[in-house]
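Chain by chain, the residues run as shown.
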Amino acid sequence: MDALLYWVGMAAVAVSALTGVLDSSRKQMDLIGALLVGIATALGGGTIRDLLLDRNVFWVVDQTYLIAALGTGLVTFFIARSLPLPPRLFLIPDAIGLALFTIVGTQISLQWHA
């Protein structure tokens, strides 16, 4: 179960970084701004969750999450700049990211101090 939760969390981080960079590209941000928005979108909620639960912050313990957010953000930035993407493309990955983070957050909260 822990391996599945890890990969669902990794997918949630990647998809959320994608949505953050997609949204920033609509606002014509540069690479640094887009990556900051993507990383904040991907890692912000889990960071707050871990701080509220008094846990070690997940991406500090395992930097693979940060690398996944950066990598996904970079790829998305250059694809969004080179291809004409429909404006509603943001909605589907955003919903997927929210669903995945809901699963991960619920499981972590249920397992905490169990």
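Just above sits the structure.
In this text, all values refer to a predicted model and were calculated from it rather than measured experimentally. (Residues numbered from 1 in each chain as written. Predicted model: local features only at pLDDT ≥ 70, side-chain atom pairs only at ≥ 80, totals over all residues. Heavy atoms only, no water.)

A. Inspection of the overall build of the chain at higher detail. The helix and strand inventory of the chain stands at five helices and zero strands. The N-to-C order of helical and strand elements in the chain reads α-α-α-α-α. For 114 residues, the compact-globule estimate of 2.2 N^0.38 gives 13 Å, and the chain sits close to it at 14 Å. Projected onto its principal axes, the C-alpha coordinates of the chain cover approximately 50 × 25 × 20 Å. Looking at the chain as a whole, 36% of its 114 residues qualify as buried. Within the chain, residue pairs in contact and separated by at least 24 positions form 74% of the contacts whose partners lie at least 6 positions apart. For the chain, the accessible surface area stands at approximately 6,800 Å², while carbon and sulfur atoms represent 72% of it. A gap of 11 Å separates the mean positions of the 6 positive and 7 negative side-chain charges of the chain. (Helix = DSSP H or I, 4+ residues; strand = E, 2+ residues; numbered from the N terminus. Rg over C-alpha atoms; globule rule 2.2 N^0.38 Å. Buried < 20%, exposed > 50% of the residue type's maximum accessible area, 1.4 Å probe, protein only. Contact = heavy atoms within 4.5 Å. Areas by Shrake-Rupley, 256 points an atom, 1.4 Å probe, with all protein chains shown as cover. Lys, Arg positive; Asp, Glu negative; His and termini not counted. Charge placed at Lys NZ, Arg CZ, Asp CG, Glu CD.)

B. Representation of the nonpolar core. Of all hydrophobic cores here, the largest spans 10 residues; its members are Met 10, Val 13, Ala 17, Ala 42, Leu 43, Val 57, Phe 58, Tyr 65, Ala 68 and Ala 69. For this core, the secondary-structure elements that each account for two or more residues are α1 (2-26), α2 (31-52) and α4 (64-82). Every residue in contact with Leu 43, bar those within four places of it in the chain, is listed here: Val 13, Phe 58, Trp 59, Tyr 65 and Leu 66. By size, the runner-up hydrophobic cluster in this structure holds six residues, among which are Leu 5, Ala 12, Leu 100 and Ile 108. (Core = buried A, V, L, I, M, F, W, Y, C linked by side-chain atoms within 4.5 Å.)

C. Molecular detail of unusual backbone geometry. Its identity is not glycine, yet Gln 28 carries a phi of approximately 60°, on the positive side. Structurally, the position occupied by Gln 28 is in the loop between α1 and α2. One non-glycine residue, Asp 54, adopts positive backbone phi at about 55°. You can call Asp 54 exposed: its relative accessible area is 67%.

D. Examining the pattern of salt bridges more closely. For the structure on display, the rule yields four salt bridges. A salt bridge links Asp 23 to Arg 26; the nearest nitrogen and oxygen atoms lie 2.4 Å apart. Placement of both Asp 23 and Arg 26 in helix α1 is noted, with a separation of three residues, approximately one turn of the helix. The salt bridge involving Asp 50 is made with Arg 55; its shortest N-O contact spans 2.8 Å. Here Arg 55 falls in the partly exposed class, since its relative accessible area comes to 25%. (Salt bridge = Lys/Arg side-chain N within 4 Å of Asp/Glu carboxyl O.)

So, to be careful, I would describe these as geometric facts and stop short of saying anything about function.
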